[in-house]
Amino acid sequence: MSEARPFSESSPFARRTAGFLVVLYAVVSLLPLLWIGLTAFKSQSDAVAYPPKLIFTPTLEGFVDLFTVQTRQPRAEIDKLPPPTTWYEKITREKGVVIAGPSRVVERFVNSLVIGFGSTFLATFLGTLAAYAFSRFKIPLKDDLMFFILSTRMMPPIAVAVPIYMMYRYLNLYDTRIGMILLYTAVNVSLAVWLLKGFIDEIPREYEEAALIDGYTRLQAFRKVVLPQAATGIAATAIFCLIFSWNEYAFDLLLSSSDAQTMPPFIPFIIGEGGQDWPAVAAGTTLFLAPIALFTVLLRKHLLRGITFGAVRR
Amino acid sequence: MATVDAYAPMTDRARSLRRARGLSDRAIVWLFVAPTMALLLAINIFPLIWAVRLSFTGFMANLPGAASFIGFDNYRDILTDEDMWAHFQATAHFVFFTILFQVLLGLGLALLINQKFRGHGVWTTLILLPMMLSPAVVGNFWTLLFQPQIGPFNYVISFLTGAAPSSFTMIGSVELAPWTIVLVNTWMWTPYVMLICLAGLRSIPDYIYEAAEVDRASPLRQFWSITLPMVTPFLMLAVLFQAIQSFEMFDMVNLLTSGGPGSVTELVSITLKREAFEKWNTGYASALAVILFVTTFGAANIYVKVLNRVKQ
């Protein structure tokens, strides 16, 4: 990071005021997320308490509700059952319900993972190849091709969803993981090409030329010289692709119904017994958002590049 | 920054050696670029052409039968429909205010962070968090925060203003709902504008300020004549990107208000989804999609021009 100094030397007072305001903004803007996290550990009645509760006894009810399907039983029936053997059975017994089986959340989570990682791998792979070609070779109409690639990303998802829906119906790709992987790859590859071209542009050509003189072929030079040098860039790009696929909602909502449904379209439909089960929704949301928070911290040095398609680098 | 097209000539020896072995450069270019292009053509361009074709028909995807050609009727219907103009107005309101607030807050925060107080790195990272999250999942959760009685938002407002917490609903009220979606979107994307502005501020070399100092320019003068002009290209970039993004906004709003109450927060993309996937007016929806696409494509074109300028 460059050490540019704003204005002249700012006074300690100005600096402290600035710090205070920024921290204030950060705290206020993080409150909604904190509330999500808190709600995940509330009981159903604490979550809908009026007025809202800040202090409560934490419970894992929300998480149990999230992962299980439950049926309500009369107290007498429950008392007849053998004593609960696991902690989560204990929690549900106290509420007067028994666990009937795992919920569908697990499938949705698996879908999110499979589609996320599948499309990330494909997009990063294709993107690395194309970015290398665009970075190193003379290609006719290069700028136009690069613009074409970027413009595909600018398409409103809803606008292309109609024909893609019809195409997927026809090709039997509707509601399939492979269909979603291909679609997310297509959306991500534009970002991957733009970002990786920036990263590869920064690797001096001399390294490859030296390798060529040493007797490497172009492909060998690409594999053994360029790829290792671009490793950080490739990793950062992959994380950006993963975050996009993980967060995507519109395409999955419209092009899947169950087999390929990921978490985002599913979370709003986590409805417990007796109305919206907010602790379960919060638990799902927390588990869903936590990895992204972690990635944000890991990526912080590359965030700027990622969100501007490599246009701004520092 | 060096332009990337500058093709550094290789030494003759390297060139002749390379020609002797392995794939030719041309073959590598084909091999490396073609799969990406093929994928984009199949999943982006082909559907787009299909959408253009459908937009001239009265096709309905839920009914059997061939598409009947009806010329520009769909376009005429869209552009003369008053409800549709209301949706475009709702979208314009959303885009304009969300960007206005993002720019004010984002630039302000960037200026503050650039004061380099202790711990600014950590707080910057924390501020960035909302923009990385799934808008759909977050939009869904904001519905709890906005619940008039059990949600914390109304309590905070009531604590600050004294109004009773159950006297207003952010989602259910015709007056407030358009501002609610602006609020949530601003919360999500202010960090984006902030981060880009921060990059702009850091790109300003010290010596310019030092020179201004020598000339005894006031801090305010320095801001107007140095900081703002130097940050503007970066700000433009952020604004354009956010304009495109909020113009296409679907997920957060769909889960937060799903267009309601009535249709006061029904943005164009929500209308599009309704026409295409609820009423199954495929032809009509395709025409709307084409209109949306042409608009964003135009914006994207400008975007790339600005982007190239920022790069230099």
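Residues numbered from 1 in each chain as written. Chains lettered and ligands numbered in written order. Predicted model: local features only at pLDDT ≥ 70, side-chain atom pairs only at ≥ 80, totals over all residues.

## A word on the overall build of chain B
Note the cut-off: Helix and strand labels come from DSSP, where a helix needs a run of H or I of at least four residues and a strand needs a run of E of at least two; each type is numbered from the N terminus. We compute the radius of gyration over the C-alpha atoms and compare it with the globule rule, which gives 2.2 Å times the number of residues raised to the power 0.38. For the exposure call, what matters is how many other C-beta atoms sit within 10 Å of a residue's own: 20 or more marks it buried, 12 or fewer exposed, and in between partly exposed, using C-beta atoms placed from the backbone. We call two residues in contact when the distance between their C-beta atoms, placed using the backbone, is within 7 Å.
Within chain B one finds 13 helices and 0 strands. Reading the helices (α) and strands (β) of chain B from amino to carboxyl end gives α-α-α-α-α-α-α-α-α-α-α-α-α. In terms of overall dimensions, chain B is more spread out than a globule: its C-alpha atoms have a radius of gyration of 25 Å, far above the 20 Å expected for 312 residues. Across its three principal directions, the C-alpha atoms of chain B cover 70 × 60 × 35 Å. Per-residue burial for chain B yields a buried fraction of 44% across its 312 residues. In chain B, 73% of the contacts between residues at least 6 apart in sequence involve partners at least 24 apart.

## A word on the overall build of chain A
Summing up its helical and strand segments, chain A has 16 helices and 2 strands in all. The dimensions of chain A, computed from C-alpha atoms along their principal axes, are 85 × 65 × 40 Å. When burial is assessed residue by residue, chain A has 49% of its 314 residues classed as buried. Counted over contacts in chain A with a minimum sequence separation of 6, partners at least 24 positions apart contribute 77%.

## Some words on the domain arrangement of chain B
Residues and elements named next belong to chain B. Note the following rule: Each domain's extent is set by a domain assignment, obtained either automatically or from a database. Residue classes follow a fixed rule: Ala, Val, Leu, Ile, Met, Phe, Trp, Tyr, Cys and Pro count as nonpolar, while Asp, Glu, Lys and Arg count as charged, and any other residue, Gly among them, counts as polar.
Segmentation of chain B into domains returns domain 1 (1–54) and domain 2 (74–311). Taking the mean C-alpha position of each, domain 1 and domain 2 sit 36 Å from one another. Residue composition of the side of domain 1 that touches domain 2, by class: 5 nonpolar, no polar and no charged.

## Things to note about helix 12 (residues 268–277) of chain B
Burial of helix 12 of chain B is extensive: 8 of the 10 residues sit out of reach of the surface. Among all positions in helix 12 of chain B, only Val 268, Ser 269, Ile 270, Thr 271, Leu 272, Lys 273, Glu 275 and Ala 276 of chain B are buried.

## Observations concerning the packing of helix 15 (residues 278–299) of chain A against helix 6 (residues 135–145) of chain B
As a reminder of what qualifies: Helix axes are fitted only over the stretch in contact, all axes being lines through C-alpha atoms; the angle between N-to-C directions runs from 0 to 180 degrees. For any helix crossing, the convention is left-handed if the near helix is rotated counterclockwise from the far helix by under a right angle, and right-handed if that rotation is clockwise.
One can describe the packing of helix 15 of chain A onto helix 6 of chain B by two numbers: an axis separation of 11 Å at closest approach and a directional angle of 150°. Both helix 15 of chain A and helix 6 of chain B take part in a crossing whose hand is left-handed. Across the interface between the two elements, Trp 278, Thr 285, Phe 288 and Leu 289 of chain A of helix 15 of chain A pack against Val 137, Phe 141 and Leu 144 of chain B of helix 6 of chain B. Classifying every residue of the contact of helix 15 of chain A with helix 6 of chain B gives 6 nonpolar, 1 polar and no charged.

## With respect to the interface of chain A and chain B
Taken together, the contacts link 94 residues of chain A with 98 residues of chain B. The dominant element in the side of chain A that touches chain B, judged by the number of residues it contributes, is helix 1 (residues 12–40) of chain A, at 16 residues. The class makeup of the residues in the side of chain A that touches chain B is 69 nonpolar, 14 polar and 11 charged.

## Digging into unusual backbone geometry
Phi at Leu 141 of chain A is positive, roughly 60°, even though this residue is not glycine. Within the element layout of this structure, Leu 141 of chain A appears in the loop between helix 6 (105–136) and helix 7 (142–154). Notably, Arg 216 of chain B is not glycine yet its phi reads approximately 60°, a positive angle. The class of Arg 216 of chain B is exposed, set by 7 C-beta atoms lying within 10 Å.

## Overview of the nonpolar core
This is how it is decided: Joining buried Ala, Val, Leu, Ile, Met, Phe, Trp, Tyr and Cys residues through C-beta atoms within 7 Å gives a set, and that set is a nonpolar core.
Core analysis: the largest hydrophobic core is formed by 175 residues, its most contacted members being Leu 195, Ile 196, Cys 197 and Ala 289 of chain B. When we break this core down by domain, the ones giving at least three residues each are domain 1 (1–54) and domain 2 (74–311) of chain B. With near-sequence residues (within four places) excluded, Ile 196 of chain B lies in contact with Thr 308 and Val 312 of chain A together with Phe 234, Leu 237 and Ala 238 of chain B.

## Brief notes about the environment of Leu 31 of chain B
By the element assignment, Leu 31 of chain B lies in helix 2 (residues 25–54). For Leu 31 of chain B and Ile 196 of chain B, which are 165 residues apart along the polypeptide, the C-alpha to C-alpha distance reads 35 Å.

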